[in-house]
Amino acid sequence: MGGGEDTPSAAAAEPRVFRCESRDNRRNYCPAETRHGVRLLVQNSSFDCIQGTTWGYDDRSVWVARGCSADFVEGPVDLAGNAPPQRVRCESRGNRMMRCNAVVSQDVQLDEQLSDVRCVQRQNWGWDRGGVWVTGGCGAEFIVR
């Protein structure tokens with residue numbers, strides 16, 4: 001029985017932390033493993049980093065814009081193993097459906113209404129484990145846990 005305990009998968013379990021910066025207010029893409037989500041760990045800029053507005057992610061990278069600079073962690077948890085709540089802005093423009101990626105461990109709550117259209121859960125907004133969706137002109141900031 002030898003050699004099996006020291007496998008590369010143990011090292012791969014460590015979440016990777018990386019910095020992504022928007023310079024000159026430009027959008028910047030940083031390659032990342034986003035399959036299990038991405039969380040903002042520490043904001044480094046004086047400009048707000050708000051998911052869905054000044055940062056977000058797709059299937060292969062994290063993007064930042066409008067001066068946002070932050071350290072991000074790949075995966076649904078922070079380095080202490082906790083999934084801290086995060087604020088996500090999601091807005092339906094032109095009454096179109098919009099999906100905002102986020103890792104949902106527990107639930108999502110509407111925190112601040114942004115649109116004139118009243119946001120009603122299960123009517124024009126909802127969530128699943130992969131994020132929040134809005135439609136019909138709903139726009140809000142949500143707390144994702």
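Details of the overall build of the protein chain
What the protein chain contains, in helices and strands, is one helix and 12 strands. Taken from the N to the C terminus, the helices and strands of the protein chain come in the order α-β-β-β-β-β-β-β-β-β-β-β-β. By residue count, 40% of the 145 residues in the protein chain fall in the buried class. Long-range contacts, defined as pairs at least 24 residues apart, comprise 68% of the intrachain contacts of the protein chain with a sequence gap of at least 6. Only carbon and sulfur atoms are counted for the fraction: they give 46% of the accessible area of the protein chain, which is about 8,600 Å².

Description of a nonpolar patch on the surface
Residues Val17, Leu41 and Val42 make up a contiguous nonpolar surface patch of roughly 200 Å² in combined accessible area. One can find Val42 in strand E3 (residues 38-43). Residue classification places Val42 among the partly exposed positions, given a relative accessible area of 39%.

Notes on the sheet that holds strand E6 (residues 69-74)
Spatial strand order, E1-E6-E3: three strands in an open sheet with antiparallel pairing. Edge strands, defined here as strands with exactly one partner in the open sheet, are strand E1 (17-21) and E3. Across the sheet, the axes of successive neighbouring strands diverge by a mean angle of 35°, strand direction being ignored. For E1 and E6, the ladder comprises five bridges, and the chain directions are antiparallel.

Quick look at the confidence of the model for the protein chain
Per-residue pLDDT for the protein chain averages 85, and the proportion of residues at 70 or more is 83%. Per-element mean pLDDT across the protein chain ranges from 42 in helix H1 (residues 8-12) up to 97 in strand E2 (residues 28-31).

Quick word on the packing of aromatic side chains
According to the stated counting rule, one finds three aromatic pairs in the structure shown. Geometrically, the ring pair formed by Trp125 and Phe142 is tilted, given 4.8 Å between the ring centres and 45° between the ring planes. Placement of Trp125 in strand E10 (residues 125-128) and of Phe142 in strand E12 (residues 139-144) is noted, with a sequence separation of 17 residues between them. For the pair formed by Trp125 and Phe142, the shared burial category is buried. A connected cluster of aromatic rings, assembled from ring pairs, spans Phe18, Trp55 and Phe72. Of note, Arg27 hangs over the ring of Trp63, and the distance from its end group to the ring centre comes to 3.9 Å.

Looking at the sheet that holds strand E4 (residues 55-57)
As summarised here, the arrangement of the three strands in space is E2-E5-E4, forming an open sheet in which the pairing is antiparallel. Either end of the sheet is taken by a strand with one partner, and the two such strands are E2 and E4. Across the sheet, the mean angle separating the axes of adjacent strands is 20° when strand polarity is ignored. Direction of pairing for E4 relative to strand E5 (residues 61-64): antiparallel, over a ladder of three bridges. Bridge pairing in E5 places Trp55 opposite Val64.

Things to note about the pattern of salt bridges
Applying the stated rule across the entire model yields 11 salt bridges. Of the charged contacts, one joins Arg87 and Glu141 as a salt bridge, the two residues approaching to 2.5 Å between their closest N and O atoms. Of this pair, Arg87 sits in strand E7 (residues 86-91) while Glu141 sits in strand E12, placing them 54 residues apart in sequence. Classification of Arg87 by relative accessible area gives partly exposed; the value is 36%. A residue is classified by how much of its surface remains accessible, and Glu141, at 5% relative accessible area, is buried. Among the salt bridges present, the one from Arg145 reaches Asp107, with a minimum N-O distance of 3.2 Å. One end of the pair, Arg145, is in the segment after E12; the other, Asp107, is in the loop between strand E8 (98-101) and strand E9 (108-113), and 38 residues separate them in sequence.

Conventions used here
- Residues numbered from 1 in each chain as written.
- Predicted model: local features only at pLDDT ≥ 70, side-chain atom pairs only at ≥ 80, totals over all residues.
- Heavy atoms only, no water.
- Helix = DSSP H or I, 4+ residues; strand = E, 2+ residues; numbered from the N terminus.
- Buried < 20%, exposed > 50% of the residue type's maximum accessible area, 1.4 Å probe, protein only.
- Contact = heavy atoms within 4.5 Å.
- Areas by Shrake-Rupley, 256 points an atom, 1.4 Å probe, with all protein chains shown as cover.
- Patch = residues over 30% accessible without salt bridge, like charges linked within 9 Å, V, L, I, M, F, W, Y side chains within 5 Å.
- Salt bridge = Lys/Arg side-chain N within 4 Å of Asp/Glu carboxyl O.
- Pairing = 2+ DSSP bridges.
- Axes fitted to C-alpha atoms, helices over the stretch in contact; angles between N-to-C directions.
- pLDDT = per-residue confidence, 0-100.
- Phe/Tyr/Trp six-rings, centres within 6.5 Å; stacked < 30°, edge-to-face > 60°.
- Lys NZ or Arg CZ within 6 Å of the ring centre and 35° of its normal.

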